[in-house]
Amino acid sequence: EMQLVESGGNLVQPGGSLRLSCAASGFTFSSYWMHWVRQTPGKGLVWVSRINTDGSVTTCADSVKGRFTISRDNSKNTLYLQMNSLRGEDAAVYYCVRSLTARAFDIWGQGTMVTVSS
Amino acid sequence: DIQMTQSPSSLSASVGDRVTITCRASQSISTYLNWYQHKPGKAPELLIYVTSSLQSGVPSRFSGSGSGTDFTLTISSLQPEDFATYYCQQSYIAPLTFGPGTKVDIK
């Protein structure tokens with residue numbers, strides 16, 4: 001079964017840091033672009049960042065540029081999101097997502113919750 | 001950034017109804033439009049990709065159409081398990097933006 005399992009969500013103070021992880025299984029992780037998508041409470045889905053198959057190309061939404069860094073370790077089948085200088089508006093459920101060649105998101109993890117509060 | 005809008009924002013329908021949801025992009029995105037179903041407490045699920053391709057395992061009552069800036073998701077006969085929120089998403093260019101969602105609930 002193809003699966004993505006996120007971890008690392010927690011309560012963090014404004015200005016703090018957190019690293020999310022996503023463990024992939026059931027498919028050839030190194031063959032796919034991967035993304036992070038978030039959903040704020042009561043609101044919709046927002047794309048956060050993406051990374052190509054070997055980790056050499058990354059793109060982030062303007063709202064997190066300079067604060068969040070996406071990375072991957074293909075030897076461990078794991079995707080990461082390093083989040084620094086966290087703000088209240090970063091509080092959300094963060095989903096790890098696999099994309100097809102047409103950049104549609106075909107496999108989603110169950111999400112990990114990040115709460116930013118003092 | 002490409003802005004995505006959806007209409008209606010919510011609708012009430014009965015089992016067996018034909019349901020149509022519209023998505024509009026602020027500029028042409030060719031056919032790079034995808035649809036997702038999201039139920040509370042669960043991960044979103046891909047229904048349709050590149051406008052009209054049905055994702056594996058998705059029932060054939062779901063269909064998509066459109067091109068350029070205007071797109072449609074149709075559920076031909078609404079089933080109890082279809083009550084959820086539906087999102088469109090453009091995958092033409094980063095940032096990969098979603099519409100605000102259409103909540104489908106029981107009349």
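Let us look at the structure shown here. As the structure is a prediction and not an experimental result, all values here were calculated from the model.

### Observations concerning the pairing of strand 3 (residues 18-25) of chain A
Residue and element names in this part refer to chain A.
Point 1. Across five bridges, the pairing between strand 1 (residues 3-7) and strand 3 is antiparallel. Paired with Val5 across the strands is Ala23, a residue of strand 3.
Point 2. The sheet contact formed by strand 3 and strand 8 (residues 78-83) spans six bridges and is antiparallel. Each bridged residue has a counterpart across the sheet, and for Arg19 the counterpart in strand 8 is Gln82.

### Side note on the interface of chain A and chain B
Point 1. The partner chain B presents 20 residues to the 20 residues of chain A that form the contact.
Point 2. In total, chain A and chain B occlude about 1600 Å² of area from one another, counting both sides; carbon and sulfur atoms represent 65% of this.
Point 3. If you look at where chain A meets chain B, you find zero salt bridges.
Point 4. Among the residues making up the side of chain A that touches chain B, the classes are represented as ten nonpolar, six polar and four charged.

### With respect to the environment of Ser117(A)
Residue and element names in this part refer to chain A.
Point 1. Note that Ser117 resides in the segment after strand 11 (112-116).
Point 2. Sequence spacing of Ser117 and Cys96 is 21 residues, and the spatial spacing of their C-alpha atoms is 23 Å.
Point 3. Every residue in contact with Ser117, bar those within four places of it in the chain, is listed here: Leu11, Val12, Gln13 and Pro14.

So, how was this worked out
- Residues numbered from 1 in each chain as written.
- Chains lettered and ligands numbered in written order.
- Predicted model: local features only at pLDDT ≥ 70, side-chain atom pairs only at ≥ 80, totals over all residues.
- Heavy atoms only, no water.
- Pairing = 2+ DSSP bridges.
- Helix = DSSP H or I, 4+ residues; strand = E, 2+ residues; numbered from the N terminus.
- Contact = heavy atoms within 4.5 Å.
- Buried area = accessible area lost by both parts, 1.4 Å probe.
- Salt bridge = Lys/Arg side-chain N within 4 Å of Asp/Glu carboxyl O.
- Nonpolar A, V, L, I, M, F, W, Y, C, P; charged D, E, K, R; others polar.

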